[in-house]
Each structure stands twice: as structure tokens, then as C-alpha cells.
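Structure at a glance
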Amino acid sequence: MNFYIRQIKLWFKQNVEPKVYEFVPNKINVITGDSSTGKSSILRIIDYCLLSERSTIVEDVINQNIKWYGLAFSLNNVDYVIARKNPQNETAEQQMFFSEGKEFPEELQANTNRGELLLKFNELFQTPKATFRIDKKKTEVNLNFRHFLIFSYLTEDIIATMNTYFDSNFFGSKIDFDYFLDDFIKIALGIEDAKQDELKKKYAEEKKKMEAEYKKREDYAKKKLTYEKTLLRLKDKFVSLGLGENSFFNDVDIMLGIVKQGLQKFEQYSDNDKIMKDLDALKEKRKTLTAQIAKYNSLKREYERYQNLSKEQGDSLVPLNFLNKHIEEVLDYEDTKLLVQNLRDSLLKIKETCEQKIELPENFEQHYKDLIAQKQAVDSKIARMDKLSKNTASVRWMHEAVKLRVEFENLKEPKFKGLTDSEYINLQDEVNDLSDKISRFISNKSEIEAGLDDAINKYYGSQIGISASYNSCRPHFNIEERMLMLKSPDSKFYKRNVGSKSNYMFMHLCFFLGLHDFLLQQNNEFVPNFLFIDQPSIPYYADKTKHNENIQNDDEKKLRDAFCLMNRFMDTIVGLKKLNFQIIMIEHADSKYWDNFNYFETRYGFTEDKDFGLIPEILARKS
């Protein structure tokens, strides 16, 4: 990333020309001056224009005189301008002006809002996409570009403090930084633990979905089983009430159909008079069927007699044939022969007549079976309706039948509203796959920590401002504790307490300079190559009533070494590595401490004999 601030522009409520403060890239831009002149408001204005959620700009003198705050900056060789109206009652204004280009318009008018610009700046600053959740608080935090500004603000509140290296209070979003600063640090440094954490979060989310789906399926199975048992119970009750025959089905829909049919019959036969009429009709039908079956039985009997008679006639010719064949052996009378021959001719004619077959119709037998089946069905209905006619006269039966109807009407088949089986299998596979990836994950955390420590040590080893007893120590930044520690060669333990504010100021400088050196080595694309440093001289002026009181010689050397360390950083990054970096420093020490360092450039002096202050003198004296 190549980011630098070109200018801050202030528009005033009174008829006063806007004030412009310009800054240059690849330099340490210094604003110095007296106390209470607005120096520290420079960072607050920058942050306000970079979409802060709240305003920390001082209300008296500054905000009461300013109408619009503007910031011109360059990002990846493209110029932008942004302006935000002054906050009212310390409430940040949401309406803003934003445009690509170097110049602000002559008249400002809001053309966007903070929400839209936050999404736009996430794209411009190439912010990684990530979401963090606090289950206990049911809170969700989406990563945005502002989460990485904390690495570019070395504020006066932390520069000389013990073991506080990130000013999360400055940003106001305590939930974001209290819970997720470790994640922001890992993402900024490129520690793949962040990827592992992302895998773990994804695993937790998908496992939660899978468990919810399992519970949903389990609940559905219980409801389905209850539903089916209820249907079986209703069917048994339905049969016991004489509304239908006892049938066995495994299909719930068929059983449901039986119940419905039973209810329809109940509606149909709940009137006893109607039952009697239907019974009479069925009995008449049975009488007709019985008569038809009797005719069929009579015809079948006659046909069987005919078949038997035909067989008997054929058998009667056998002795005549024998007699005719052997008659000459017994009788020799002509009259007798003639009688036998006539008798034989008559029997042959009878036989020919009997051999002419008489068949029943082809569908005779099927019609007979159909009549039998119809009669059986009618008999069954008559029996059932006889029972029904008796039951309908029973108060208890009527009560049970009504209960059955109500139960059926209230019975609702459960509907499953979860994943399909294939989707559920895919979800299970994804959970197992994430679990496998987590178990096989190899972290680069140790490698990254070692590289960061080397970058910090490069500046720690070159400074001479820290107390001599710590010069031989090696620094180590502990990500989990968010602090820089020192370890001496002869100790197995890190030191947290290093005594004076001066020592802590140097440790903060070494950490921030080493951090940005390392980020540039990593070609980080979303942490701005920009650093705002607020008053490194705090440890030396803390007990002074005026900024221009002379400090002791030893403190002078340390302060000069602090500025020398910053200059050495710029020489390494800009001079040696040919990379881009901008520092804006607020300082109330005299410029003599850095005048000889080539990367320092005093841009403004907020004193009575120079630029007076952030607010023009004519407005400041009226306030």
C-alpha cells in the first residue's frame, strides 16, 4: 500500500478564509508549538475524516469555530478528498463529501454517508473480508479498514505507558478491540493462525448447523412417530365403532384415507332413518341377487343332468351292437333279425341326437361368480349397517364418534422443513473436512514472530537512549499479551517492567518502527504505510511547566537519540529500500533536536510568533 496525507483543510463558521495544512510524503512532518494550541487535535481531525464512529475533537475553541473538516490523501497513486461536517453535541456527523481528485469543491455539499464510505474504503484499502462473533453477547463484528489504523497511531496516551502498545480507547469501539485485537494483529502480520482461527470459526458455525439439523430431524422423527401411532389408534377406534372393516396397512396415507372414508360414512349414516332406508334397499338388492343365483343354480343342475343322460344313451348301444354281430350264431329267424335291426336303427338316431352338444354361454361361470361376490358384499354391508343402526341409537357411541371426528380434524401431519438428505450429507462432509484441516494445520506463527522480533531488534539494537542495564536485552513481542518484553542473555524469563517512562517511550518507538519495517517486508496491502507519533518528549517534559524550559543534558541526549532512531528508520525504508513512508509527528520540544536530521521537516509551529495555532488567532481570541 502507498498511503500518505497531502493536506488538512478547515472551513470556519465565521467569514474567515479556510485554513490548509499541507504535508509531504517520505518525510517526518513535524508540527510543534505551545500547549493548548490544537496540536493534538491534528490526529483527532485525521481520524474523524477517516470515518470514526465518534468525535474526540475538542469542542471549545476548535469545534465551535469549524464548520467542515477536510482531508486530502493519496492512496496507491490516486488522489482523494473527503470532508465531514462538524459534530454536534459530540455526535459524529454521518453525511459526508467524498470525491476522487486533488482539489475540494468551492462549496461543500454532502454526497454520501459514513456507511457507504466505509464499504468504499474497505475496497480502496483492500481490507480482507472476515467476520468475528461473540456468542455470549450475540454480537457480530465485520472487519473494516479502521481496525488496522490502530497500528498507525502512537498516541500521547500510550507512548510512555507501561505495557500498553495499542490505544484502543482512542477508537471508542471497545468491543472490537477488547475481543478481537489479537485477530487483527495476526491478520496484519500474516500469521496463518488467523486462517486456522477462521477454520475453527467456520467449523463451529457448520457444526452448529449440523447439530441443529440433527435436532430438527430428531424432533421430526418423534413427531412423525407420534403422528403414525395416533393414526393407528384412530383407525382401531374407527373399526371398533363399526365405521369400517379391520384392515392392515403400512402406508400412512392409505390409513388416513380409511379414516376419511370412515368419517364420510359417519356423516352419511349419522341419521338413523337414512340407515333404515339404505338397509331396506340393500335387502331388496340381496333378494334380487339371491333369485338370480337360484336360477343360475337350477340351470347348472339341468345341464349336469343332460350330460349324464347323453352318457347313458351311448352306453345302451353296446349290447345291441354285440347282439347284431352274433345273432346268426343264436337265432336264424328272419323276423327276429328284422326286429333287432329296427331297434338298432332307432338307438343310433337317439345317439346321433345326443351327440349334438349343448354348451353353456362362455361367460356363464364368471357371471355366476360375480353374482356371488355381489351378494357377499351386500351381506357385509347389511351386517355393518345393522350394527351401525344399533350404535347410532347409543349415546355413548355418538360421543365416541364425535371425539373421533374432533381428533381427526385436529391431527396435522408434521412437515419437515430442514435440509434434504443430500444436503445434510454434504454438510456432514464439510464439517468432517474442516475438522481434518484443523488437525493437519501447520502454523507459521513462530516464523512470523521471529521475523517481527528481528525487525524490532534492528532498531532496539541501534538506539542508545534506553537505560544501559537493558542494552544487552533482546525484545520479543507477545501477541497474546499485546506487549513488548525484554529478555537478557543470562535469563530464561522475559522482563515486563523496565522502569522509567523514557525506557517505555523507546520501547514503543522500537516496536512501531520495527512493526512497519516488517509489514513492508511482507508487502502488506491493507495497513497504511503511515505513522502518527504524538510527543515522544513526554517523559522529559512531564514535570516541566513550560515547554521551553531547558531539560537536563542526559535527557537531551535521549530525546535526540529518539529522533535519530526515527530518522534512521526513514533512511532504511525510503533511502535504502526505496519504499514509501510518511510520519506526522506532534512535538512541543524545540526543533533544534531534529534540525540536523535529513528526513525531518518542521511544517508548522503553533506559537504566537509563527502560525499561532490550529485555529486562526482572530477566532481563537474571540472564543
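Rules used in this analysis
- Residues numbered from 1 in each chain as written.
- Predicted model: local features only at pLDDT ≥ 70, side-chain atom pairs only at ≥ 80, totals over all residues.
- Heavy atoms only, no water.
- Helix = DSSP H or I, 4+ residues; strand = E, 2+ residues; numbered from the N terminus.
- Buried < 20%, exposed > 50% of the residue type's maximum accessible area, 1.4 Å probe, protein only.
- Contact = heavy atoms within 4.5 Å.
- Areas by Shrake-Rupley, 256 points an atom, 1.4 Å probe, with all protein chains shown as cover.
- Phe/Tyr/Trp six-rings, centres within 6.5 Å; stacked < 30°, edge-to-face > 60°.
- pLDDT = per-residue confidence, 0-100.
- Pairing = 2+ DSSP bridges.
- Axes fitted to C-alpha atoms, helices over the stretch in contact; angles between N-to-C directions.
- Parallel < 35°, antiparallel > 145°, perpendicular 65-115°, else oblique.
- Expected span 1.5 Å × (residues − 1).
- Arc of directions from axis to C-beta.
- Polar contact = N/O pair within 3.5 Å; in protein donor to acceptor, adjacent residues only side chain to side chain.

Some thoughts on the overall build of the protein
Regarding its fold elements, the protein presents 17 helices and 15 strands. A burial count over the protein gives 45% of its 623 residues as buried. Across the protein, the fraction of contacts at a sequence separation of at least 24, relative to all contacts at a separation of at least 6, is 69%. For the protein, the exposed area adds up to about 34200 Å²; of that, 48% sits on carbon and sulfur atoms.

Side note on the packing of aromatic side chains
For the coordinates displayed, the defined rule picks out 40 aromatic pairs. An angle of 45° between the planes, with centres 5.2 Å apart, marks the rings of Phe171 and Phe177 as tilted. For the ring pair Tyr220 and Phe416, a centre distance of 5.2 Å and an interplane angle of 55° mean the geometry is tilted. Of the two residues, Tyr220 sits in helix 6 (residues 193-240) while Phe416 sits in the loop between helix 11 (395-410) and helix 12 (421-440), which places them 196 residues apart along the sequence. Assessed through its relative accessible area of 24%, Tyr220 is described here as partly exposed.

Details of the environment of Ile382
Tracing the backbone through its elements, the reader meets Ile382 in helix 10 (residues 364-391). Owing to a relative accessible area of 4%, Ile382 belongs among the buried residues under this scheme. Ile382 sits 103 residues away from Leu279 along the chain, and the two C-alpha atoms are 6.3 Å apart. With near-sequence residues (within four places) excluded, Ile382 lies in contact with Leu279, Leu282, Lys283 and Arg286.

Focus: the confidence of the model for the protein
Scored by pLDDT, the protein has a mean of 84; 82% of the residues are at 70 or more. Every residue in residues 543-549 is under pLDDT 50, and counting partners more than four places away or in other chains gives 7 contacts.

Remarks on the environment of Arg560
Along the chain, Arg560 falls in helix 16 (residues 553-576). Taking C-alpha positions, Arg560 is 5.4 Å from Tyr593, a pair spaced 33 residues apart along the chain. Here Arg560 is in contact with Lys592, Tyr593 and Phe597, once residues within four sequence places are set aside.

Re the sheet that holds strand 13 (residues 530-534)
A sheet is described by the order of its strands in space; here 5 strands give the open sequence 10-13-14-3-15, paired in parallel fashion. Each end of this open sheet is capped by a strand with a single partner; those strands are strand 10 (153-154) and strand 15 (600-606). Sheet topology note: the strand 10/strand 13 ladder contains 2 bridges and is parallel. By the bridge assignment, Tyr153 is partnered in strand 13 with Phe532. Relative to strand 13, helix 14 (residues 501-521) is tilted by about 170°, and along the sheet it contacts strand 10 and strand 13.

A short note on the packing of helix 14 against helix 16
Put simply, helix 14 and helix 16 touch, their axes get as near as 11 Å, and they point 0° apart. The orientation of helix 14 relative to helix 16 falls into the category roughly parallel. Here Ser502, Met505, Phe506, Leu509, Cys510, Leu513, His516, Asp517 and Leu520 of helix 14 come into contact with helix 16, specifically with Lys558, Asp561, Ala562, Leu565, Met566, Phe569, Thr572 and Ile573.

Topic: helix 13 (residues 445-460)
The end-to-end C-alpha separation of helix 13 is 22 Å, in line with the 22 Å expected for 16 residues at 1.5 Å each. Three or more residues of helix 13 are buried, namely Lys445, Ile448, Glu449, Gly451, Leu452, Asp453, Ala455, Ile456, Tyr459 and Tyr460.

So, helix 3 (residues 114-124)
Regarding helix 3, the residues found buried are Arg114, Leu117, Leu118, Phe121, Asn122 and Leu124. Looking straight down helix 3, one finds that the buried residues subtend no more than 160° of arc, so they occupy a single side. Counted as exposed and oriented over 90 degrees from the buried face of helix 3: Leu119 and Glu123. Near the N-terminus of helix 3, the side chain that reaches the backbone nitrogen of Gly115, with its oxygen 3.1 Å away, is that of Asn113.

As for the sheet that holds strand 6 (residues 95-100)
Read from one edge of the open sheet, 6 strands run 2-1-4-5-6-7, paired in antiparallel fashion. Among the strands making up the open sheet, the edge pair consists of strand 2 (19-22) and strand 7 (112-113). Note that strand 1 (residues 3-12) and strand 2 share 4 bridges and pair antiparallel. Bridging across to strand 2, Lys9 finds its partner in Val20.

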